[in-house]
Amino acid sequence: MREFEYVAPASVEETLRLLEEHGAEAMVMAGGTDVLVWMNRREVAPKYVVYVGGLEDLRYIREEDGYLHVGALATQAEIASSPLLAEKAEALALAARNCAGPAVRNLATIGGNLATATPAGDLILAVVALGGKVRIRGPKGERLVPLEDFLVGPQMTSLAADELIIEVVIPIPAGTCGSGFQKLGKRKAMTISTASAAASVVLSADGATFEKVVVALGSLGPTVIHSESFERALQGKPATLEEIQNWRYLAGGDACPSPRARRASAWYRCEVAAVLAARAVEDALAAAKGLDLTAHRAAAKKRGKGIAGAIYSLTPPGFPNPCAVNLQMREDGSVVLQIGVVEIGQGSNTVLTQMAAEALCIPYQNVTVYTNDTGTTPYDFGTVSSRGTFAGGNAIIKAAEQVKAVLYEAASVAIKVHPENLYLSAGFVRDKYDPDRKIPIGEAARFAHFALKKLPIGTAYFYPKSFAADDKSQGEPIAAFYYHATVAEVEVDTETGVAEVTDVYAVVDCGQAINPLLVEAQVEGGALQAIGWALREDAQPGLTDASGPSETYNPDFMPVDLESYAIATSMDMPEVHPGYVEVFEPEGPFGAKPAGEISANSGAPAVFSAIYDAVGVRLYDMPASPEKILRALQEKAQAEPSPVAR
Ligand SMILES: Cc1cc2nc3c(=O)[nH]c(=O)nc-3n(C[C@H](O)[C@H](O)[C@H](O)COP(=O)(O)OP(=O)(O)OC[C@H]3O[C@@H](n4cnc5c(N)ncnc54)[C@H](O)[C@@H]3O)c2cc1C
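Residue positions are given per chain, counting from 1 as you read along its sequence in written order. pLDDT decides what is reported in this predicted model: residues at 70 or higher carry local features, side-chain atom pairs at 80 or more are listed and counted, and totals for whole chains, interfaces and linings draw on all residues regardless.

Draft legend 1. Just the sheet that holds strand β15 (residues 301–314), in detail. Following DSSP output, two strands are said to pair if at least two bridges run between them. Secondary structure elements follow DSSP: runs of H or I no shorter than four residues count as helices, runs of E no shorter than two count as strands, and numbering proceeds from the N terminus. The four strands lie next to each other as β15-β23-β24-β27, forming an open sheet whose pairing is mixed. Since the sheet does not close on itself, it has two edges, and those belong to β15 and β27 (575–581), each with one partner. Direction aside, neighbouring strands of the sheet carry axes that sit 15° apart on average. Direction of pairing for strand β24 (residues 499–509) relative to β27: parallel, over a ladder of seven bridges. Paired with Val507 across the strands is Gly579, a residue of β27. Fitted lines through C-alpha atoms give the axes, limited to the stretch in contact for helices. The angle between two N-to-C directions lies from 0 to 180 degrees.

So this is what it looks like as structure tokens:
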């Protein structure tokens, strides 16, 4: 990022003076959610950043003289939660609610959104549909410009370098009116629209006909565009849902997305333009007339269930997969475990602590794990292959045997019992023939340290049983098998192709669950990851359509960017019902098997089967994007004989 001077004027007047002084070398910054991204990408390099976020005078939402006034610094969060806008300009409130996520919404302003002038700008779209104007102040005074005139092209406005957006002014129509907003993106939050539409309607006094309809389309042209033919078609027509459906195809014709558009092909965008435009007008009509659209919208949705199972092997055949540990009991009876299994949030430190405590019959809080640092831990193969619990636990058990041997030797001297007759139980070393004859483990450790001058320490290496198969494919290539099954329930929107996973029932065979809560968390995390693969995470070589490869063409099959490789957010999390089956695994530590990677493995096929169950189209390549589903649905419809032909 180039060096810049940061200035934070205290008033609009001071801001205007600075802008006049520095001209094109200055850049206004409000929330900074666009400016900082551009600066970071070196797309802009202003010499002066003029921070206006402190101008509280420009942060308001109020009604005055039949107009709504939204100050340029009103944030998306404030707009989203404004009762006034929810009542009188619902499209704007909805657009704000659909922007980004809470953190961005708390900073991002309406002035910034408008000035950005992107065809995907959600607030821009709503303000156009509501017939809003922008009040701009500059050295020559103020002007009030219809937003459409303000937007002169993609990322281009009529704003001069020395001008500031002061507010957005939205007329409140007299009579029965309403507005609506629809957005389609790759996921439910933190997504730029693939296509979007906003609409406002004014009905005749009796509510029977459309007096005025405005439909704005977003991400469907170089800038926000009006669907003029759809608007004209509805003008004067009965204000009914049927009428909207009859004419919606016109909106698809008005859309003119770039053939090299990102996020979806031009074909798909035109298809959904009609659907979104119709739905936005329906929302506006519903707001005006107080209609409930639940049943109407449900008609386009189909539900289905799918099931899939997975089998996974612990360690690849014949692959070296060792885990080494140092386990040392200190003179106070506490234990230090040095192990290379790395905690990356999966909970391995917890499980390793549990197993060390269990192996030595001491409380968890008496175990300290040292990990994540090759300077202080012995060798481990890595946090891969679902092996942490299995390999780490087995190594701990082996090392604990050596610690126990020293403790038994110390206890045998201290309480005069033959070492072979000793065992550990509830913090004591006890005589198995007379359990009341005992010594606390800590005392035995102290005795070992100071009387025997021996360190109760164990160092162990564990290699899972895994040998490469011989030339006749015989051998013992796998340490253990484990299993997983998923039932997914989906809802497919047959008009847009959007599939949503509503419920996941997932069960893992984890051997003995060392920590049931962590097993369930693995199953839940795996389910969300699988849904991402199934529906969103696109690492394909770019989108193509009739005009050839798009700008996302990518022969290396790598994710193009984090926009196309859209990882599911918490908002996309369905209801996950996790479960596990406990089957004691003789090769595993305390009977445990892995639960990690496999938890993600059967989710995607279950989702694909559920889509087939819902709408009868079987897809094979991930992700099952809305575009692929819609295309498959149309091909299926074309292949089916028409009722007349039958
Ligand atoms: C993770 C992420 C997700 C996003 N998701 C969405 C989304 O879903 N929908 C969407 O529409 N946008 C989205 N955006 C874009 C961005 O948040 C919006 O465009 C936002 O409204 C910009 O407002 P801001 O105050 O942050 O603008 P800034 O970044 O401060 O400024 C943006 C532009 O506006 C100019 N400007 C700002 N205020 C004024 C003013 N008062 N007068 C004159 N010029 C001004 C600046 O000079 C700059 O050119 C996203 C951004 C991020 C980083």
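Draft legend 2. A look at the domain arrangement of the protein. Splitting the protein by domain gives domain 1 (1–172), domain 2 (173–299), domain 3 (323–462) and domain 4 (480–639). These domain limits were set by an automatic method or by a database of domain assignments. The centre of domain 2, based on its C-alpha atoms, is set 67 Å off from the matching centre of domain 3.

Draft legend 3. A look at helix α13 (residues 266–289). Helix span is expected to be 1.5 Å times the residue number reduced by one. An ideal rise of 1.5 Å per residue puts 34 Å on 24 residues; α13 measures up with 34 Å between its terminal C-alpha atoms. Think of it this way: the bend at a residue is just the angle between two axes, each fitted to seven residues, one set ending at that residue and the other starting at it. Most pronounced at Val272, the bend in α13 amounts to some 25°. Remark: C-beta atoms are placed from the backbone, and a residue is labelled buried if 20 or more other C-beta atoms sit within 10 Å of its own, exposed if 12 or fewer do, or partly exposed between those counts. Counting buried positions over the 24 residues of α13 gives 20, a clear majority of the element. Just past α13, the residue Gly290 takes up positive phi, approximately 70°.

Draft legend 4. Spatial organisation of unusual backbone geometry. In this structure, the amide linkage connecting Met622 to the following residue, Pro623, adopts the cis form with an omega of -5°. Along the chain, the position of Pro623 falls in the loop between α19 (603–615) and α20 (626–639). Positive phi outside glycine occurs at Asp65, with the angle close to 50°. For Asp65, the position within the fold is in the loop between β4 (61–64) and β5 (67–71). Positive phi, normally seen in glycine, also occurs at Lys453, with a value near 55°. Its location among the elements puts Lys453 in the loop between α17 (441–452) and β22 (457–462).

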